[in-house]
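# Summary of structural features
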Amino acid sequence: MIIIGDDCLSKRFKQVLNMQESTSEIHEKYDGSYLLMDGLSKEEIMIMSESFDGADVPFDGIMVSATQTNREWTLEMIFEEAKQEARIMEQMYHLQMMIESTNGMDLNQLEPEHAAILKRALMDSYLMLMKEEYTYEQISAQARILEEALKGTEHLKQKESHHE
């Protein structure tokens, strides 16, 4: 493992991947940690990610894997893209959790207009996640729509949880 400082942000990713020694330890431009990987299969990345989850000091940074395309990007471009992808993944997870929160919810207990709005918001949210191509703005907007549609449904989940 090597430490890469801000002085490497203008270098191409492929150059950074070939570095053998740490550089300046000045890290002022980016707060988070980035793990740069090359030559690992998806399975190996999953195994490594799972080992981080079980570690005493888990890695809570962003993992970046080299691709044929991104090898030519500067490290700064890589970090910006990875940061944006992490924001999208976080919103995607939030949207997914909101959808799952409706499991077992009896929408027939809602006013018909509210139920129709919620059903539409749920379907649009599900379809967006299935499409797997969306911007941060699109998924954030959909999350806001679903959050608004879910207002007033808290009692439905509470009733369900009392039956267990």
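Residues numbered from 1 in each chain as written. Predicted model: local features only at pLDDT ≥ 70, side-chain atom pairs only at ≥ 80, totals over all residues. Heavy atoms only, no water.

Across all of its chains, the model carries 6 salt bridges by this definition. We note a salt bridge from Lys29 to Glu76, for which the minimum N-O separation is 2.5 Å. One end of the pair, Lys29, is in the loop between α1 (13-17) and β1 (34-37); the other, Glu76, is in helix α3 (residues 75-100), and 47 residues separate them in sequence. Since its relative accessible area comes to 46%, Lys29 is described here as partly exposed. Between Asp124 and Arg120 there is a salt bridge, with its nearest N and O atoms 3.1 Å apart. Here the residue Asp124 and the residue Arg120 both occupy positions in helix α4 (residues 112-131), the gap between them amounting to 4 residues, near one helical turn. Accessibility expressed as a relative area gives 56% for Arg120, which makes it exposed. (Salt bridge = Lys/Arg side-chain N within 4 Å of Asp/Glu carboxyl O. Helix = DSSP H or I, 4+ residues; strand = E, 2+ residues; numbered from the N terminus. Buried < 20%, exposed > 50% of the residue type's maximum accessible area, 1.4 Å probe, protein only.)

Within this model, the largest pocket holds a volume of roughly 830 Å³. Along the walls of the largest pocket sit 26 residues, with Ile62, Met63, Glu85, Ala86 and Met89 positioned nearest its centre. Secondary structure elements with two or more residues in the lining of the largest pocket: α2 (42-53), β2 (62-65) and α3. When residues in the lining of the largest pocket are grouped by element, the largest group, 8 residues, is from α3. Class assignment of the residues belonging to the lining of the largest pocket gives a composition of 16 nonpolar, 5 polar and 5 charged. Of the volumes computed, that of the second largest pocket is approximately 630 Å³. Along its surface, the second largest pocket is lined by 21 residues, and Ile2, Ile3, Ile4, Tyr34 and Leu35 are the ones closest to its centre. (1 Å grid on protein atoms, 1.4 Å probe; cavity = no way out; pocket = protein on both sides within 12 Å on 5 of 7 lines; lining within 4 Å. Points joined across faces, edges and corners; volume = space filled by probe spheres on them. Nonpolar A, V, L, I, M, F, W, Y, C, P; charged D, E, K, R; others polar.)

Let's shift gears to the side chain of Thr153. Residue position: Thr153 is located in the loop between α5 (136-150) and α6 (154-162). Looking at Thr153, the relative accessible area reads 3%, which means it is buried. At 2.5 Å, the side chain of Thr153 forms a polar contact with the backbone oxygen of Leu150. Filtering out sequence-adjacent residues up to four positions away, Thr153 remains in contact with Met105, Leu110, His114 and Leu118. (Polar contact = N/O pair within 3.5 Å; in protein donor to acceptor, adjacent residues only side chain to side chain. Contact = heavy atoms within 4.5 Å.)

Here we take up the packing of α3 against α5. The description of two helices packed together rests on the angle between their axes and the distance between the axes. In contact at an axis separation of 9 Å, α3 and α5 are set at 20° when each is read in the N-to-C sense. With respect to their mutual orientation, α3 and α5 come out roughly parallel. Between α3 and α5 lies a crossing whose hand is left-handed. On α5, the residues touching Gln84, Arg87, Ile88, Gln91, Met92, His94, Leu95, Met98 and Ile99 of α3 are Tyr136, Ile139, Ser140, Gln142, Ala143, Leu146, Glu147 and Leu150. Of the residues belonging to the contact of α3 with α5, the class tally is 10 nonpolar, 5 polar and 2 charged. (Axes fitted to C-alpha atoms, helices over the stretch in contact; angles between N-to-C directions. Parallel < 35°, antiparallel > 145°, perpendicular 65-115°, else oblique. Left-handed = near helix turned anticlockwise from the far one by under 90°.)

By themselves, these are just geometric observations and shouldn't be taken as functional.
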